[in-house]
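# A closer look at the structure
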Amino acid sequence: MRRGLIAAGLSLFASAAGAAARYELVYVPDTERMQVRLCVDAAAAVREFRLQRGGIAYVDDLRRGQGELQRIDDTRWRAADWKAGECLSYVARLGDVAQSRDRDVGARVGETLLVAPQQWLLWDIAETEREAAVTMPAGHAFAPPWQELAPADGKAAQRYRIPATPSSWSALVAVGRFEEMRLQIGAALARLTILGTTTAEQRATLRSWMERALAATATAYGELPLPQVQIVLFAGNGRGRAVGFGQSLRGQGNAVHIQVAADASAAALDADWTAVHEFSHWAHPYLGDDGAWLAEGLASYWQYVLRGRSGLLTPQQAWAGLDAGFGRGRSTADDSLTLAELSESMHARRAYYAVYWSGAAFWLTADVELRRASGGRVGIDTALQRFHACCLQRKREWGAEEFVSKLDALVGSDVLRRNFREFSARRGFPPLDTVYAQLGLQRDGETLRLVDGAPDVAIRDAILRRR
């Protein structure tokens, strides 16, 4: 069986074209190993190949088709006098990668392996254009965050373009027995994998929830920010919660991973904010630790605004949800550090509420100011839509102030950068009394009331209006 798979892979490999570096991956489930060939089209006096630190523990039988391959250290190899179209070949022990105690490196979910590609895919440091053709045996699937391409020449192998992102950015590939579902949301494709033991009815419920959450996210500015995304749901015992931990990953593409109760009802899933929060991160670039308050603030703001726009929440519920979040941020605020300092130490201090909701207050304040100054023509969704059109696909980290300055430039304002500097330097939770009064948001004990007649009621309504 192994010979047949490899032969099929080689014929497909010969037909792949257009990428400077090309992988052929053939999975052997009996041994949980991946047969790998890496070919580079262009000749070079010297080529250097790299692997993530620690990855050498998972690689066997690395060899060059012609000439010598010199090992420099545990992460680098050098090949002199590289011929056009020449290849490396080796075996990656994916089963061992999945045994790692580091979830960013690998894990097992039932019979499925989750493995970081940086740990087992060598890359040529001179080439950024990479494609992969993947051959899986019947009954097995391969689900990466990579960008799916059409099969070459009618062949059955899956073909992907591997986005060039920093090797330190987390990515996980699922390999095993599961079904990858395809969800088309407008022009965007979301490839959904549900791991864990589920019934057909439960999978249908989870799929429908994902479709509703994605549709809600698209109300930000009429479409999903990215053309292709990977979604992995880990279905199990929710221990009383419909949805658990969620995480957005940016390595080699864009992915969201969410823990969910296998038996959660549609109503319980829709009532949870996690999916829309994580999907909202697709609208901004990676902003680093100092920009965490901006990134998490946007997702926290939009987790209620976008569900309100889509009808998953009523306006009352959406504004009440935001108000409750601001209350959690206010009650956990730390006056000893500026917001920028608290953002950088968020994980060490476990200052999540204070950072997330201070950031959400920034985006609400900026949204209101932009709409007021433009007579309702421009909001933060306008700025982010224009950023999507010009800059979002660039696979690099943006500085926090650089990002907001770009948004300002795209809408002809100084609102975001001015507020950014004020919020970044602030100690304690930002005051929202003036914004509340202008929008007609009035707290009555534990209840939030929407009051008509306030100066910016039209802005309040427009924020939740579907574009």
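Fair warning: this is a prediction, and the values are worked out from it, not measured in the lab.

Now for the state of the cysteines. The full count for this structure, using the stated rule, is two disulfides. Disulfides within the chain link the bonded cysteines, taken in sequence order, as 1-2, 3-4.

Quick look at the packing of aromatic side chains now. Counted under the stated rule, the structure contains 16 aromatic pairs. Measuring from centroid to centroid gives 6.2 Å for Phe142 and Tyr160, while their planes differ by 50 degrees, and the two rings are tilted. Pair noted here: Phe142 is in strand E12 (residues 141–143) and Tyr160 is in strand E14 (residues 158–161), with a separation of 18 residues, a long-range link. For Phe142, a relative accessible area of 1% corresponds to the buried category. According to the relative accessible area criterion, Tyr160 is buried, its value standing at 0%. Ring plane angle 15 degrees and centroid distance 4.8 Å describe the contact between Phe279 and Trp282, whose orientation is recorded as stacked. By the ring-pair criterion, three or more aromatic residues cluster together here, those being Trp293, Phe362, Trp363, Phe420 and Phe423. Taking NZ or CZ as reference, Arg328 lies 5.6 Å from the ring centre of Tyr353, over its face. For the cation-ring pair, Arg396 lies above Trp398, with the distance from its terminal atom to the ring centre recorded as 4.1 Å.

Further remarks concern the pattern of salt bridges. Two side chains of opposite charge can pair, provided their charged atoms sit close to one another. In this structure the tally under the stated criterion is 33 salt bridges. Put simply, Glu32 and Arg108 hold a salt bridge, and the shortest N to O gap is 2.7 Å. With Glu32 in the loop between strand E1 (21–28) and strand E2 (33–40) and Arg108 in strand E8 (residues 106–109), this residue pair connects regions lying 76 residues apart in the sequence. Residue class for Arg108 comes out partly exposed when judged on its relative accessible area of 35%. Note that Arg177 and Glu111 form a salt bridge whose closest N and O atoms lie 3.9 Å from each other. Here Arg177 is found in the loop between strand E15 (173–176) and strand E16 (180–185), whereas its partner Glu111 is found in the loop between E8 and strand E9 (112–115), with 66 residues between them in sequence. Each of the two residues, Arg177 as well as Glu111, counts as exposed.

A word on the packing of helix H11 (residues 380–390) against helix H12 (residues 400–411). In helix packing, the relevant descriptors are the interaxial angle and the interaxial distance, both defined with respect to the helix axes. Axis separation between H11 and H12 bottoms out at 9 Å; the angle between their running directions is 100 degrees. On the basis of their axis angle, the class for H11 and H12 is roughly perpendicular. For the pair formed by H11 and H12, the contact residues are Thr382, Ala383, Leu384, Arg386, Phe387 and Cys390 on the first element and Phe403, Lys406, Leu407, Leu410 and Val411 on the second. Within the contact of H11 with H12, the residues separate by chemical class into eight nonpolar, one polar and two charged.

With that settled, the discussion passes to the sheet that holds E15. Strand pairs in the sheet, formed through backbone hydrogen bonds, run parallel or antiparallel to each other. Read across the open sheet, the four strands follow the order E8-E9-E15-E12; overall the sheet is antiparallel. At either margin of the open sheet sits one strand with a lone partner, and together these are E8 and E12. On average, each strand axis in the sheet is tilted by 15 degrees relative to the strand beside it, whichever way the strands run. Bridging between E9 and E15 involves three bridges; their strand directions are antiparallel. When the sheet's bridge partners are listed, Leu113 is paired in E15 with Val175.

What follows deals with empty space enclosed by the protein. Scanning the model with the defined rule gives four cavities of 30 Å³ or more in all. The calculated volume of the largest cavity comes to roughly 100 Å³. Lining the largest cavity, in full, are Trp169, Leu226, Arg250, Asn254, Trp282, His284, Pro285, Tyr286, Leu392, Arg394, Lys395 and Arg396. Classifying every residue of the lining of the largest cavity gives six nonpolar, two polar and four charged. Each pocket or cavity is described by its volume, and for the second largest cavity that value is around 70 Å³. As for the second largest cavity, its lining consists of 14 residues, and the residues nearest its centre are Leu339, Ser358, Arg426, Gly428 and Phe429.

Further remarks concern unusual backbone geometry. Its identity is not glycine, yet Asp61 carries a phi of approximately 55 degrees, on the positive side. On the secondary structure map, Asp61 appears in strand E4 (residues 59–64). You will see that Asp81, though not glycine, has its phi angle at about 55 degrees, which is positive. Residue placement: Asp81 occurs in strand E6 (residues 76–82).

Definitions and cut-offs
Residues numbered from 1 in each chain as written. Predicted model: local features only at pLDDT ≥ 70, side-chain atom pairs only at ≥ 80, totals over all residues. Heavy atoms only, no water. Disulfide = S-S within 2.5 Å. Phe/Tyr/Trp six-rings, centres within 6.5 Å; stacked < 30°, edge-to-face > 60°. Helix = DSSP H or I, 4+ residues; strand = E, 2+ residues; numbered from the N terminus. Buried < 20%, exposed > 50% of the residue type's maximum accessible area, 1.4 Å probe, protein only. Lys NZ or Arg CZ within 6 Å of the ring centre and 35° of its normal. Salt bridge = Lys/Arg side-chain N within 4 Å of Asp/Glu carboxyl O. Axes fitted to C-alpha atoms, helices over the stretch in contact; angles between N-to-C directions. Parallel < 35°, antiparallel > 145°, perpendicular 65-115°, else oblique. Contact = heavy atoms within 4.5 Å. Nonpolar A, V, L, I, M, F, W, Y, C, P; charged D, E, K, R; others polar. Pairing = 2+ DSSP bridges. 1 Å grid on protein atoms, 1.4 Å probe; cavity = no way out; pocket = protein on both sides within 12 Å on 5 of 7 lines; lining within 4 Å. Points joined across faces, edges and corners; volume = space filled by probe spheres on them.

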